[in-house]
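Listed here are the chains, written in short residue letters.
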There are 4 protein chains.
Amino acid sequence: MEEIKPYYHKVQYYETDTMTVVHHSNYIRWFEEARLDYLEQIHFPYPEIEERNLMIPVLGVSCEYRQAVRFGEMVLIETEIIKFNGIKFTVSYKIYNENHQVLHAQGNTEHCFLDKEFHPVSIKKKAPDLYEFFANKTLHNR
Amino acid sequence: MEEIKPYYHKVQYYETDTMTVVHHSNYIRWFEEARLDYLEQIHFPYPEIEERNLMIPVLGVSCEYRQAVRFGEMVLIETEIIKFNGIKFTVSYKIYNENHQVLHAQGNTEHCFLDKEFHPVSIKKKAPDLYEFFANKTLHNR
Amino acid sequence: MEEIKPYYHKVQYYETDTMTVVHHSNYIRWFEEARLDYLEQIHFPYPEIEERNLMIPVLGVSCEYRQAVRFGEMVLIETEIIKFNGIKFTVSYKIYNENHQVLHAQGNTEHCFLDKEFHPVSIKKKAPDLYEFFANKTLHNR
Amino acid sequence: MEEIKPYYHKVQYYETDTMTVVHHSNYIRWFEEARLDYLEQIHFPYPEIEERNLMIPVLGVSCEYRQAVRFGEMVLIETEIIKFNGIKFTVSYKIYNENHQVLHAQGNTEHCFLDKEFHPVSIKKKAPDLYEFFANKTLHNR
């Protein structure tokens with residue numbers, strides 16, 4: 001299995017607020033950026049997932065903020081699928097500074113699979129390749 | 001014809017940036033808020049427009065920023081349809097402070113009508129009631 | 001003690017995404033809207049808190065999404081301070097549809113008090129009125 | 001003078017809306033991304049400009065939308081300073097698809113220089129190096 005590369009995000013001015021640091025809601029958006037980059041790296045780019053009539057909504061999110069990020073900085077995000085039970089999966093994120101020495105924030109998102117009519121989907125049937133990947137990835141966690 | 005009420009928007013913290021004022025991109029979003037409120041006031045709420053298989057995309061936008069807006073302030077937006085040629089229309093916005101004494105910004109957006117497949121639509125045929133309204137509204141401007 | 005009124009938010013078009021529902025990151029922004037409205041209702045509007053050289057950053061956030069919200073809907077948010085230990089406090093949010101029958105999402109945010117140089121502040125000393133309110137509010141929870 | 005490289009932006013899911021294309025307000029944010037990348041390329045990164053007690057607010061913005069951009073696409077932005085009179089300057093942007101064959105949008109932003117107290121600044125005095133660059137850059141346009 002190929003190694004997953006961390007995701008880099010350059011902090012934008014419009015992501016800051018009056019406290020002169022990045023607004024906390026944007027970390028949730030960075031989680032999404034990192035997650036979609038992850039899916040691309042494992043050869044399941046999200047636009048193709050959508051073409052297969054699948055959606056991967058967010059069921060839950062949590063984030064712990066440890067040190068503020070400022071405009072002009074580059075952050076490095078490590079993404080990992082930490083749970084999968086065939087129906088739902090959990091992704092974990094760690095947001096570091098560029099040289100990987102400061103942990104700015106960490107969090108999780110939980111997801112399921114739906115079709116475009118918002119009905120739950122068994123990916124074991126509908127997307128066995130994706131099922132296979134997730135199952136292998138989290139084998140040691142079950 | 002009923003009079004259009006101005007639209008009020010309370011400035012949110014997440015709309016500010018490191019300059020401690022509202023980020024300029026949010027005025028474009030406020031234009032949208034005011035425009036959709038306007039459509040609701042004239043009894044063409046946008047969700048119903050979408051149900052009629054119509055979309056009203058933005059073809060162009062311009063905004064002139066005169067005085068920064070800060071968190072905690074309330075702004076008042078005056079919205080007007082200033083041009084309509086049967087195909088395209090132009091909406092004008094003036095963003096004031098709450099008591100209408102400071103003009104913070106002003107701008108325009110230009111629009112057309114599409115169906116959900118992104119094809120141009122003649123609303124004279126497809127939505128004659130909407131056509132009628134727009135035509136009457138801008139009679140003096142043609 | 002006066003009763004806290006729920007906070008209402010009208011869903012904006014720019015808050016939706018390709019799934020045709022509100023993007024999950026915006027719920028985190030709605031939590032902020034509701035929290036700042038709450039502070040205003042208890043007579044500690046955030047701009048005044050900032051004038052007292054205080055900031056209330058977010059240390060953590062969690063949200064559980066139960067049912068998607070669409071453009072054009074109005075949501076009602078119930079906000080409550082559920083924990084306070086003199087240093088940190090936790091706010092809980094429930095996002096309902098307008099008539100309070102569907103629970104769309106619920107979550108928490110955790111906060112502390114900093115001065116504008118990002119140093120921790122004891123509000124018992126610096127803002128005893130605020131301390132008093134929070135302590136009374138959460139008396140039954142300690 | 002070194003050549004300016006175009007700026008690349010990967011379209012994010014949270015930038016789309018119910019029309020399944022990028023929300024028009026995000027192009028204004030991409031202009032900012034491209035402008036700040038431009039300043040970095042000419043060796044005036046914005047964080048350093050802020051350290052010199054300068055701010056470059058937006059006085060005006062305009063954008064013409066020609067063809068919608070979808071999630072998953074990469075856009076290429078060409079940025080140019082097209083006017084400078086010592087006090088104000090205008091930046092022009094062209095947003096293409098990745099292979100430079102489709103012009104998705106084009107627009108301008110107008111700017112001035114302020115100090116952190118929001119007072120106008122003559123950069124000829126306060127930042128002669130920046131003045132020099134802008135003056136040379138737009139020599140042929142005056």
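Everything quoted here is computed from the prediction, not taken from an experiment.

Cut-off values and rules
All residue numbers refer to positions counted from 1 along the written sequence of the respective chain. Throughout, the order in which chains and ligands are written sets their labels, letters from A for the former and numbers from 1 for the latter. At least 70 in pLDDT is required for a residue's local features to be given in this predicted model, at least 80 for side-chain atom pairs to be given and counted, and no such filter applies to totals for whole chains, interfaces and linings, which use all residues. Hydrogen atoms and water are omitted, and side-chain values are computed over all heavy atoms in the structure. Fitting of the copies onto one another was done by least squares over C-alpha atoms, counting residues only where both copies have pLDDT of at least 70. Any two residues whose heavy atoms approach within 4.5 Å are treated as being in contact. Comment: elements are numbered from the N terminus, with helices defined as DSSP H or I runs of at least four residues and strands as E runs of at least two. Nitrogen and oxygen atoms within 3.5 Å of one another constitute a polar contact, given that in protein one can donate a hydrogen and the other can accept it, and given that sequence-neighbouring residues count only through two side-chain atoms. What counts as an axis is a line fitted to C-alpha atoms, over the stretch in contact for a helix, and the angles between N-to-C directions run from 0 to 180 degrees. When describing relative orientation, an angle under 35 degrees is termed roughly parallel and one over 145 degrees roughly antiparallel, while 65 to 115 degrees is termed roughly perpendicular and anything else oblique. Residues are sorted three ways: Asp, Glu, Lys and Arg are charged, Ala, Val, Leu, Ile, Met, Phe, Trp, Tyr, Cys and Pro are nonpolar, and all the rest, Gly among them, are polar. To sort residues, take the accessible area from a 1.4 Å probe on protein chains only and compare it with the maximum for the residue type: under 20% means buried, over 50% means exposed, and anything in between is partly exposed. By this definition, two strands are paired if DSSP reports at least two bridges between them.

A. Up close: the relation of the copies chain C and chain A. Mapping chain C onto chain A calls for a screw motion: a turn of 180 degrees about the axis and a shift of 0.0 Å along it, with 0.0 Å RMSD after fitting. Here the symmetry operator amounts to a two-fold rotation axis. Of the C-alpha atoms belonging to chain C, the one lying closest to the rotation axis is found on S62 of chain C, 2.0 Å away. Of all interface residues in chain C, 100% are interface residues in chain A too; the two copies therefore contact each other through one and the same surface.

B. Quick look at the relation of the copies chain B and chain C. When chain B is fitted to chain C, the residual RMSD is 0.0 Å, and the transformation amounts to a turn of 180 degrees plus an axial shift of 0.0 Å. A share of 100% of interface residues in chain B that are also interface residues in chain C marks the association as one of identical surfaces.

C. Layout of the side chain of H9 of chain A. Residue and element names in this part refer to chain A. In this structure, H9 sits in strand β1 (residues 7–10). A distance of 3.1 Å separates the side chain of H9 from the side chain of W30, its partner in a polar contact. Sequence-distant contacts of H9, defined by excluding residues within four places in its chain, comprise E15, W30, E33, E73, M74 and V75.

D. Focus on the packing of helix α1 (residues 25–41) of chain B against helix α1 (residues 25–41) of chain D. Orientation of α1 of chain B relative to α1 of chain D, taken along the N-to-C sense of each, is 170 degrees, at an axis distance of 8 Å. Taken together, α1 of chain B and α1 of chain D sit at an angle that is classed as roughly antiparallel. For the pair formed by α1 of chain B and α1 of chain D, the contact residues are S25, N26, I28 and R29 of chain B on the first element and S25, N26, I28 and R29 of chain D on the second. Class assignment of the residues belonging to the contact of α1 of chain B with α1 of chain D gives a composition of two nonpolar, four polar and two charged.

E. Quick peek at the pairing of strand β5 (residues 88–97) of chain C. Residues and elements named next belong to chain C. Summarising burial for β5: eight of the ten residues are buried, a large majority. As paired elements, strand β4 (residues 74–84) and β5 share nine bridges and run antiparallel to each other. Opposite E78, over in β5, you have K94 as the bridge partner. Once β4 ends, the chain turns through three residues before running back antiparallel as β5, passing G86 with a positive phi of about 95 degrees. Inspection of the sheet shows β5 paired to strand β6 (residues 103–112) by nine bridges, in the antiparallel sense. By the bridge assignment for β6, S92 is matched with N108. Between β5 and β6, which follow one another and run antiparallel, lie five residues, and H100 among them has a positive phi close to 70 degrees.

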